[in-house]
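Report on the structure
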Amino acid sequence: MVGNHTLKFGVNFRKNRVTDFSYTSNQIGTYNFQSLTDFVTGDLVNGSYYSQKFSPLQDAHIRLYNIGVYAQDEWNVKPNLKVTYGIRLDRTANPQCLDDCFSRLVQPFDSSSFQTGVTIPYNASIQTGLSHAYYKVQPVVADPRVGAVFTVPGHPGTVVRSGFGIFSDLFPAFIVSNIFNNPPNPYNAFVTNGTVGLSSVPGSSAAIAAAQYAAFSSGFKNGATFDQLNSSIPGGFSPLNAYSIPNNFKTPEYLEWSFEVQQRISQKNVLTLTYSGNHGYQLLTTSAFANVQLPGGLLANISPVDPRFGTIAQYANDGRSNYQGLTVAFRRTLAYGFQGQVGYTWSHALDTISNGGAGEPYNFCSGCSFGTTPFPNATAGYGNADYDIRHNLVGDFLWDTPWKMNNKIIGNILGNWTLTGRVIARTGTPFSVYDGALPYDVSPTLLEGFNSLTLTATSLTSSLPITCGRGAVDIPCFSATQFAPSGMEATLGNLGRNAFTGPKYVDFDLSLFKNFNVTERMRFQFGASAYNVLNHPNFQNPVADVSNPGFGTIQSTAIPPTSAYGSFQGSAVSGRVLVLTGKFMF
């Protein structure tokens, strides 16, 4: 401490030593059938494909480093005013491979300097044997923060708090594995022709894949072009799939702010009003459209920007998010054995893609603008976040019976009871209506090399319901006739991402316990906890795939956020769960 100042300093160093075995995945080879006819006949002629990885290495030894330093000052300006300000500086190093295993394009695929065309040798477009994953990273990321607490003079029960700051995130580490899985080492064969059979069977997809690998291994070193490789292999050479990264990998950052007024109503009751928000920028997005040209925005006219490549998954720092929330909360501290709180929040969350963006396909593109850009941009996917809940009411309480009895027997019967409860009531979560039959019927080579891309459906009417409630258990809230025929739409769809809202959620949990005093230091507790005590059914969002026969109907119930089985997804049941407990405490 220095006078009215309390200074704090800190350093955080992180070093991760990772051995990644993703080289070994799919080395046997996999047939992916998109047609029952292909499965029966064993010919890949209806959109089915064969994929196999050929790798000279079995594992990659990766090193990840991060160092952060911070300085903070808590300044007691006045007895009723305290200001806290500080800054954090982070340096996240470029990931390193001890085996020099990284391969990447010589420039980002979406840059104007990247040369395209079948006459350009592959080794003129791909760098290999690299020790670092990215072209370059930010040297230092600075995150300043400031906050203040002010007690209104003459009104000690009124407290105002406010603050804002910048907070940064680390790069998702598994992006590194995508980069060292780029060709030429390993080589991922993607075959859309041939027959089903072992690699020893001439004309089989597996034999074509093995021939592609052999030709590419030698051809890459000698500067072979796509045409040269394609003419040297029976059945042809499949274009390469690759991940492309931005020239300067920027750190995702969030500007956050809050303002709160706390008013003490009495010695035991407090009312708070809080406004908070944040804005995320430089967020990571992934587009599978980087190598796609859509003249006129029509899927029927799809063609590659560079015929040497199939799917190019382009990472970019063009994602953004926004959140605004207003909360009113009332809290009663312990009095006569009772304490509890209840709060209501109105909020709105929007983003280009939820859950950080990494590892997810470029989903639900709507209103994509093509112009001079060959692929849809992230702005087209900006909409309600997956977890956008507009209205949320949460309350909980605890009551320990305060009665003290002179008679020990009567006291053990009427006293020492504990009752707790919690209630959650909120509006539904957003969902998108999409066409699961696309883009398989369009171009599996260009859009299906990495993951299953999902495109919004095309609506034929403007009178679609915005909210799909629990009535969809019996009556579908959508009809397939309201949309373009599945798998036949010509564009990327005209519905916004997460344009619809599912059914609301209500849950009430209750626990009752009785404590029996055995000795002064030992007691026995017996009781029960009931999750979803009213056995009220809550429902998941309806089937949103227009190609699904159950489209528009609700086919499953929603699980509670916590239960006797824990807080993990899929670990709980949706109906009432009663748990009996008994334990000695000493």
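Above this text is the structure in question.
What comes next concerns the included structure. Each residue is numbered by its place in its chain's sequence as written, counting from 1. Reporting of local features is limited, given that this is a predicted model, to residues whose pLDDT is at least 70; pairs of side-chain atoms are given and counted only at 80 or more, and all residues count toward the totals for whole chains, interfaces and linings. Note that water and hydrogens are dropped before the side-chain values are worked out from all heavy atoms of the structure.

**Section: the overall build of the protein**
Note the threshold: For helices the rule is a DSSP run of H or I covering at least 4 residues; for strands it is a run of E covering at least 2, with both sets numbered from the N terminus onward. Any residue under 20% of the maximum accessible area for its type is buried, any over 50% is exposed, and the rest in between are partly exposed; the area is computed with a 1.4 Å probe on protein chains only. Every accessible area reported is derived by Shrake-Rupley at a probe size of 1.4 Å, with residue values counting cover from the shown protein chains alone.
Across its full length, the protein carries 6 helices and 28 strands. Within the protein, buried positions represent 43% of all 586 residues. Surface summary for the protein: the accessible area is close to 28,700 Å², and the carbon and sulfur share equals 58%.

**Quick word on the nonpolar core**
We apply this condition: Residue types Ala, Val, Leu, Ile, Met, Phe, Trp, Tyr and Cys, when buried and joined through side-chain atoms within 4.5 Å, form a set referred to as a nonpolar core. Contact between two residues is taken to exist if any of their heavy atoms lie within 4.5 Å; hydrogens are not considered.
With 50 residues, the main nonpolar core has Ile62, Phe102, Tyr122, Tyr134, Phe237, Phe249 and Phe309 as its most contacted residues. Broken down by element, the residue count for this core peaks at 6 residues, all from helix α3 (residues 205-221). In contact with Tyr122, not counting residues within four places along its chain, are Phe216, Phe220, Ala224, Phe226, Leu229, Phe237, Leu240, Arg308 and Phe309. In terms of nonpolar packing, the next biggest core, distinct from the first, is built from 16 residues, Val433, Ala472, Cys477 and Phe483 among them.

**Some remarks on the packing of aromatic side chains**
The line we're drawing: A pair of Phe, Tyr and Trp rings is counted when the ring centres sit within 6.5 Å of each other, with Trp represented by its six-membered ring. The angle between the planes then sorts it: under 30 degrees is stacked, over 60 is edge-to-face, the rest tilted.
Tallied over the entire structure, the rule returns 28 aromatic pairs. Measuring from ring centre to ring centre gives 4.5 Å for Tyr31 and Tyr50, while their planes differ by 50°; the resulting arrangement is tilted. Separated by 19 residues along the polypeptide, Tyr31 in strand β2 (residues 30-32) and Tyr50 in strand β3 (residues 49-54) bring together distant segments of the chain. Using a relative accessible area of 4% as the deciding quantity, one classes Tyr50 as buried. Ring geometry for Phe109 versus Phe309: centroids 6.2 Å apart, planes at 80°, classification edge-to-face. Remark: Phe309 occurs in strand β17 (residues 309-335) and Phe109 occurs in the loop between β7 (102-105) and β8 (126-130); sequence separation between them is 200 residues. Under the relative-accessibility criterion, Phe309 is labelled buried at 1%.

**A closer look at empty space enclosed by the protein**
Worth spelling out the cut-off: For cavity detection a 1 Å grid was placed over the protein atoms alone, and a set of points counts as a cavity when a 1.4 Å probe fits there but cannot get out; an open set counts as a pocket when protein lies on both sides within 12 Å along at least five of seven lines, with lining residues being those that have an atom within 4 Å of a point. Grid points are joined across faces, edges and corners, and a volume is the space filled by probe spheres set on the points. Gly is put with the polar residues, along with every residue not named as nonpolar or charged; the nonpolar set is Ala, Val, Leu, Ile, Met, Phe, Trp, Tyr, Cys and Pro, and the charged set is Asp, Glu, Lys and Arg.
This structure, assessed with the given rule, holds 5 cavities of 30 Å³ or more. Counted as a void, the second largest cavity has a volume near 40 Å³. As for the second largest cavity, its lining consists of Arg470, Pro503, Lys504, Val506, His536, Pro537, Asn538 and Phe539. Across the lining of the second largest cavity, the residue classes break down as 4 nonpolar, 2 polar and 2 charged.

**Describing a nonpolar patch on the surface**
Note the threshold: Patch rule: a residue counts if its relative accessible area is over 30% and it has no salt bridge; like charges are joined within 9 Å, and nonpolar side chains (Val, Leu, Ile, Met, Phe, Trp, Tyr) within 5 Å. Salt bridges are defined by distance alone: a side-chain nitrogen of Lys or Arg within 4 Å of a carboxyl oxygen of Asp or Glu.
Nonpolar side chains collect at one region of the surface, where Phe259, Ile265, Leu271, Leu273, Tyr275, Leu326, Val328, Phe330, Val342, Tyr344, Trp346 and Leu393 lie side by side and expose about 980 Å² of accessible area between them. When residues of the nonpolar patch are traced back to their parent elements, those giving at least two are β14 (269-287), β17 and β18 (338-351). With respect to the secondary-structure elements, Leu393 resides in strand β20 (residues 391-400).

**Notes on the side chain of Asn317**
Keep this limit in mind: Distance and chemistry together define a polar contact, namely a pair of N or O atoms within 3.5 Å, with one atom able to donate a hydrogen and the other to accept it when in protein, and with adjacent residues in sequence counting only for side-chain atoms on both sides.
Note that Asn317 resides in strand β17. In this structure Asn317 comes out as buried when scored by relative accessible area, which is 17%. Side-chain polar atoms of Asn317 contact the backbone nitrogen of Lys250, separated by 3.0 Å. From its side chain, Asn317 meets the backbone oxygen of Gln282 in a polar contact 3.1 Å long. When residues no more than four places from it in sequence are discounted, the contact partners of Asn317 are Pro246, Asn248, Phe249, Lys250, Gln282, Leu283 and Leu284.

**Some words on the sheet that holds β3**
What counts here: We treat two strands as partners when DSSP finds at least two bridges between them. Here an axis means a line fitted to C-alpha atoms, over the contact stretch when the element is a helix, while the angle between two N-to-C directions is reported on a 0 to 180 degree scale.
What the 3 strands build is an open sheet, ordered β2-β3-β11; its pairing is antiparallel. Strand pairing shows two members of the sheet lacking a second neighbour, β2 and β11 (187-191), which therefore form its edges. Sheet twist, expressed as the mean angle between neighbouring strand axes with direction ignored, is 20°. Contacts from α3 reach β2, β3 and β11, with the element oriented near 140° to β11.

**Notes on the side chain of Asn538**
By the secondary structure assignment, Asn538 is in the loop between β27 (523-531) and β28 (577-585). In this structure Asn538 comes out as buried when scored by relative accessible area, which is 5%. Within the structure, the side chain of Asn538 is placed 2.7 Å from the backbone oxygen of Val506, a separation counted as a polar contact. In contact with Asn538, other than residues within four places in its own chain, are Lys504, Tyr505, Val506, Thr557 and Ala558.

**Some thoughts on the state of the cysteines**
Formally: Criterion for a disulfide: a pair of cysteine sulfur atoms at a distance within 2.5 Å.
Under the definition given, this model contains 2 disulfides. Each disulfide pairs two cysteine sulfurs, and for Cys97 the partner residue is Cys101, the sulfurs being separated by 2.2 Å. Here Cys97 and Cys101 share a disulfide; its torsion about the S-S bond, 130°, makes the bridge right-handed. Accessibility expressed as a relative area gives 5% for Cys101, which makes it buried.

**Some words on the pattern of salt bridges**
Under the counting rule described, the total for this entry stands at 7 salt bridges. Ionic pairing is found between Asp90 and Arg88, a salt bridge with its closest N-O pair at 2.7 Å. Here Arg422 ties to Asp509 by a salt bridge, and the two come within 2.7 Å at their closest N and O atoms. You can see Arg422 sitting in strand β21 (residues 417-426) and its partner Asp509 sitting in strand β26 (residues 505-517), a full 87 residues away along the chain. Of the residues examined, Arg422 reaches a relative accessible area of 24% and is grouped as partly exposed. Among the charged side chains, a network of salt bridges with common partners joins Lys8, Glu74 and Lys82.

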